[in-house]
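Residues per chain are reported as follows:
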Amino acid sequence: MTKAAVRDSIEDRVDRLLSSHPPTETGPEEFWGAQFDLGLAWPSFPEGMGGMGASPGEAALATAALAEAGAPTDNIGRNLIGYGMGAPTVAVHGTPEQRDRWLRKLFTAEEIWCQLFSEPGAGSDAAGIGTRAVRDGEEWVVNGQKVWTTFGHTAKWGMLTARTNPGVPKHRGITYFIIDMDQPGVEVRPLRQITGEAEFNEVYFSDARVPEANRLGGVGEGWRVSITTLMNERVTIGESISPRGEGAIATAVEVWRNSGSDDQARRDELIRLWVDAEAMRLTSLRDRMARLRGTPGPEGSALKLQWAELRKQTFAWAVNMLGAEGMLYPEAYQFRTPETMAVDHSPQWEFLRSRANSIEGGTSEILRNVIGERVLGLPREPRVDLELAWKDIPRS
């Protein structure tokens, strides 16, 4: 199909969606279901998976047209883990039956997803996990613990990596599953954060069962599948970059204006932050236009690293600009378990929450290693456990 034909198809599908399901007259879930059926959920996905095989640039046309028409987008905030990480993983590695089963309800946010990779004993080593899955007929029995599980308290499905063969090197003995979070044997405990709320959780598995039909990819091939999730996670976080002049830099500009300050040194610092934010936004656009569907490359790591560090710098500047007021906390550390990504918080809350930006989705230290090795071609760090069987690796 030519580019002109694809654009005509996009315009036709958008027109059909908006005429048959006007956003102001249609319930969100019904609208999202129709959007999926017309291939406008993820336009760059293949037909039948909520997409139409469009290029990233062509997909952006559909997104812009829907945004201009006021199409609801709360499904993304409610199910960001599923939307940005689960869907690409299922699309690439899932069977036709798995795609039919999960993708539509994922997009409509009828079923929320979470990610179950990190563990207390593995740190940033996503391949060093100890949660076990043992096969029992047509099921797998899971025991272990995961941590830092965003929105695990609202999730129906979890993307789980578990060790199925401890007798081989750590990267080869992992299998990837989609686990039902509502079943017996799955316990979700909130983790109260520095902001006072519990967006993250720890999850305990005690003889929880996963059907063989919920295995994604081959037995022992979980690392290959998880790379798709991790790379899309970094792209998703990096692509949460706001439009020009919005987001973190808008908060900083508002603080400056409200301060009434004429400190030229502080003003220069703010301008430097604004320039960095704009450079990051343009980098994100260039990356999005160049990337084809599938597993992203290391450029997502670079963008996520820049996003995390710039957010910390920007909100630190804003809190410093507030002076003594910056020591107060308007949210009052009220404990709550949010059900969507946070918006409209104070600079103080943003300052505290931004501390996690350089940890979640791959620490800044790990991302620098990725960039050094895969972009700059620098020598790999020594890895003495790379060929050892997982069960033989010393642990503290």
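Remember, it's a predicted structure, so these values are computed and weren't measured experimentally. (Residues numbered from 1 in each chain as written. Predicted model: local features only at pLDDT ≥ 70, side-chain atom pairs only at ≥ 80, totals over all residues. Heavy atoms only, no water.)

Overview of the overall build of the protein chain
Secondary structure summary: the protein chain contains 12 helices and 8 strands in total. Scaling as 2.2 N^0.38, a compact globule of 396 residues should have a C-alpha radius of gyration of about 21 Å, and the protein chain matches this with 22 Å. Seen along its three principal axes, the alpha-carbon backbone of the protein chain occupies a region of about 70 × 55 × 45 Å. In the protein chain, 73% of the contacts between residues at least 6 apart in sequence involve partners at least 24 apart. Total accessible area on the protein chain stands at roughly 18900 Å², and carbon and sulfur atoms take up 52% of it. Within the protein chain, one finds 44 positive and 55 negative side-chain charges whose respective centroids are separated by 5 Å. (Helix = DSSP H or I, 4+ residues; strand = E, 2+ residues; numbered from the N terminus. Rg over C-alpha atoms; globule rule 2.2 N^0.38 Å. Contact = heavy atoms within 4.5 Å. Areas by Shrake-Rupley, 256 points an atom, 1.4 Å probe, with all protein chains shown as cover. Lys, Arg positive; Asp, Glu negative; His and termini not counted. Charge placed at Lys NZ, Arg CZ, Asp CG, Glu CD.)

Focus on the pattern of salt bridges
Under the criterion given, the structure shown has 26 salt bridges. In this structure, R16 and D12 form a salt bridge, with 3.2 Å as the shortest nitrogen-oxygen distance. With a gap of 4 residues between them, R16 and D12 both fall in helix 1 (residues 3-20), about one helical turn apart. R16 sits in the partly exposed class, given a relative accessible area of 42%. (Salt bridge = Lys/Arg side-chain N within 4 Å of Asp/Glu carboxyl O. Buried < 20%, exposed > 50% of the residue type's maximum accessible area, 1.4 Å probe, protein only.)

Some words on unusual backbone geometry
Here the phi dihedral of A109 falls at roughly 65°; this positive angle occurs in a residue that is not glycine. In this structure, A109 sits in the loop between helix 6 (96-107) and strand 1 (113-116). Take A109: its relative accessible area is 4%, and that puts it in the buried class. At Y333, a position not held by glycine, the phi torsion is positive, near 55°. With respect to the element layout, Y333 can be found in the loop between helix 10 (299-322) and helix 11 (347-353). Judged by relative accessible area, Y333 falls into the partly exposed class, the value being 43%.

A few points about the side chain of E360
Considering the arrangement of structural elements, one finds E360 in the loop between helix 11 and helix 12 (364-374). A polar contact is formed between the side chain of E360 and the side chain of R353, at a distance of 3.0 Å. (Polar contact = N/O pair within 3.5 Å; in protein donor to acceptor, adjacent residues only side chain to side chain.)

Regarding the side chain of T89
Among the structural elements, T89 can be located in helix 5 (residues 80-93). The exposure class of T89 is buried, given its relative accessible area of 1%. If sequence neighbours within four positions are ignored, T89 has contacts with G94, Y176, L216, V225, T228 and T229.

Structural notes on a negative patch on the surface
Together, D262, D263, D268 and E269 make up a region of like negative charge exposed at the surface. Mapped onto the fold, E269 is located in helix 9 (residues 264-290). (Patch = residues over 30% accessible without salt bridge, like charges linked within 9 Å, V, L, I, M, F, W, Y side chains within 5 Å.)

Quick word on the packing of aromatic side chains
In this structure the tally under the stated criterion is 11 aromatic pairs. Look at W42 and F107: their rings are 5.2 Å apart centre to centre, the planes differ by 65°, and that puts the pair in the edge-to-face class. In this pair, W42 is assigned in the loop between helix 2 (28-37) and helix 3 (56-68) and F107 in helix 6, connecting sequence segments 65 residues apart. The exposure classification of W42 matches that of F107, with both residues buried. An angle of 55° between the planes, with centres 5.3 Å apart, marks the rings of W140 and F177 as tilted. Residue W140 is found in strand 3 (residues 139-146), and its partner F177 is found in strand 5 (residues 174-180); the two are separated by 37 residues along the sequence. Taken together, the aromatic side chains of F36, W42, F45, Y83 and F107 make up a single cluster linked through ring pairs. (Phe/Tyr/Trp six-rings, centres within 6.5 Å; stacked < 30°, edge-to-face > 60°.)

Quick notes on the pairing of strand 3
Two elements, strand 2 (residues 132-136) and strand 3, share 5 bridges in a ladder whose sense is antiparallel. In the strand pairing of strand 3, R135 is matched with W140. As paired strands, strand 3 and strand 7 (residues 200-211) are joined by 7 bridges and run antiparallel to one another. Note on strand 7: the bridge partner recorded for K146 is V203. (Pairing = 2+ DSSP bridges.)

Comments concerning the nonpolar core
If you look at the biggest cluster of nonpolar residues, it comprises 38 residues, and the most contacted ones within it are L40, W42, W113, M159 and I178. Secondary-structure elements contributing two or more residues to this core are helix 1, helix 2, helix 3, helix 5, helix 6, strand 4 (157-163), strand 5 and helix 7 (222-238). In terms of residue count, helix 5 provides more of this core than any other element does, 5 residues in total. Discounting residues that sit within four places of it in the chain, L40 has contacts with R13, V14, L17, Q35, G50, M52, A62 and L66. (Core = buried A, V, L, I, M, F, W, Y, C linked by side-chain atoms within 4.5 Å.)

Some remarks on the environment of A109
A sequence separation of 77 residues divides A109 from W32, and the C-alpha atoms of the two residues are 8.7 Å apart. In this view, A109 contacts N75, R78 and N79; residues no more than four positions away in its chain are not counted.

So, empty space enclosed by the protein
Throughout the structure, instances matching the rule amount to 1 cavity of 30 Å³ or more. Residue composition of the lining of the largest cavity, by class: 5 nonpolar, 2 polar and no charged. (1 Å grid on protein atoms, 1.4 Å probe; cavity = no way out; pocket = protein on both sides within 12 Å on 5 of 7 lines; lining within 4 Å. Points joined across faces, edges and corners; volume = space filled by probe spheres on them. Nonpolar A, V, L, I, M, F, W, Y, C, P; charged D, E, K, R; others polar.)

Regarding the packing of helix 5 against helix 6
Axis separation between helix 5 and helix 6 bottoms out at 10 Å; the angle between their running directions is 165°. The orientation of helix 5 with respect to helix 6, classified from their angle, is roughly antiparallel. The way helix 5 lies across helix 6 gives a crossing that is left-handed. For the pair helix 5 and helix 6, contact is made by G82, Y83, G86, A87, V90, A91, V92 and H93 and by Q98, R99, W102, L103, L106 and F107, respectively. (Axes fitted to C-alpha atoms, helices over the stretch in contact; angles between N-to-C directions. Parallel < 35°, antiparallel > 145°, perpendicular 65-115°, else oblique. Left-handed = near helix turned anticlockwise from the far one by under 90°.)

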